[in-house]
Amino acid sequence: EGLLLLTNDGALALRLTHPRHKVPKHYEVTLKRSFGESEMRDLLKGMVIEGRRAAVDSATLLSPGKLRIVLSQGIKRQIRIMLARVGHEVEHLVRVRFGPLALGRMKSGSSRLLEASEVAALRKACGIEST
């Protein structure tokens, strides 16, 4: 759930999603129970998922049962798997930022076109020169 980008620009889509380009994606995660310091250390160490090294760029405790996690890679269900391995079940997961774009106050299920300045910011974040 959360911020989702749809584009017909293949070069931009590749750069936004491929881990090599390190475009950060921010998530707010609500857990079924409180999250502790030892679990945070284990999460930040990273782990292997599907034969690949999975790591979070950062994790911040927002409240006892809520985290903000930043990823620049994207293995399928990475956050849920990593949290399960440190003993936590995800109750709710929302992408709140994708590169320079923030979800803001948009309601679930709504959509809008990006402003030209937002497209330019995305392209810049991916290292694509504006045309």
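Provided above is the structure to which this section pertains.
Residues numbered from 1 in each chain as written. Predicted model: local features only at pLDDT ≥ 70, side-chain atom pairs only at ≥ 80, totals over all residues. Heavy atoms only, no water.

A. Highlighting helix 2 (residues 37-45). Listed in full, the buried residues belonging to helix 2 are Glu 39, Met 40 and Leu 43. One side of helix 2 carries all its buried residues, which in axial view fall inside an arc of 100°. Of the exposed residues in helix 2, those oriented more than 90 degrees away from the buried face are Glu 37, Arg 41 and Lys 45. (Buried < 20%, exposed > 50% of the residue type's maximum accessible area, 1.4 Å probe, protein only. Helix = DSSP H or I, 4+ residues; strand = E, 2+ residues; numbered from the N terminus. Arc of directions from axis to C-beta.)

B. Region of the structure containing the packing of aromatic side chains. Enumeration over the complete set of coordinates arrives at zero aromatic pairs. One cation-aromatic arrangement involves Lys 25 over Phe 98; the distance from NZ or CZ to the ring centre is 5.3 Å. (Phe/Tyr/Trp six-rings, centres within 6.5 Å; stacked < 30°, edge-to-face > 60°. Lys NZ or Arg CZ within 6 Å of the ring centre and 35° of its normal.)

C. A look at the sheet that holds strand 7 (residues 101-102). Strand order in the open sheet made by the five strands is 4-5-1-6-7, with antiparallel pairing throughout. The two strands at the open ends of the sheet, each matched to only one other strand, are strand 4 (58-63) and strand 7. Relative to strand 5 (residues 66-71), strand 4 runs antiparallel, the two being bridged by five bridges. Its bridge partner being in strand 5, Ser 58 is matched across the sheet by Val 70. (Pairing = 2+ DSSP bridges.)

D. Just the environment of Glu 50, in detail. For Glu 50, the position within the fold is in the loop between strand 2 (47-49) and strand 3 (52-54). Here the alpha-carbon distance between Glu 50 and Leu 71, two residues 21 residues apart in the chain, equals 17 Å.

E. Structural context of helix 3 (residues 78-85). Looking only at helix 3, the buried set comprises Gln 78, Ile 79, Met 82 and Leu 83. Summarising the axial view, the buried residues of helix 3 lie within an arc of 120°, below the 170-degree limit, and thus occupy one face. The inward-facing, buried residues of helix 3 abut strand 1 (25-31), helix 2, strand 2, strand 3, strand 5 and strand 6 (90-98). Just past helix 3, the residue Gly 87 takes up positive phi, approximately 90°. (Contact = heavy atoms within 4.5 Å.)

F. Spatial organisation of the side chain of Gln 78. Along the chain, Gln 78 falls in helix 3. Taking relative accessible area as the criterion, Gln 78 reaches 2% and is therefore assigned buried. At 3.1 Å, the side chain of Gln 78 and the backbone oxygen of Ala 55 are in polar contact. In this view, Gln 78 contacts Ile 49, Ala 54, Ala 55, Leu 71 and Gln 73; residues no more than four positions away in its chain are not counted. (Polar contact = N/O pair within 3.5 Å; in protein donor to acceptor, adjacent residues only side chain to side chain.)

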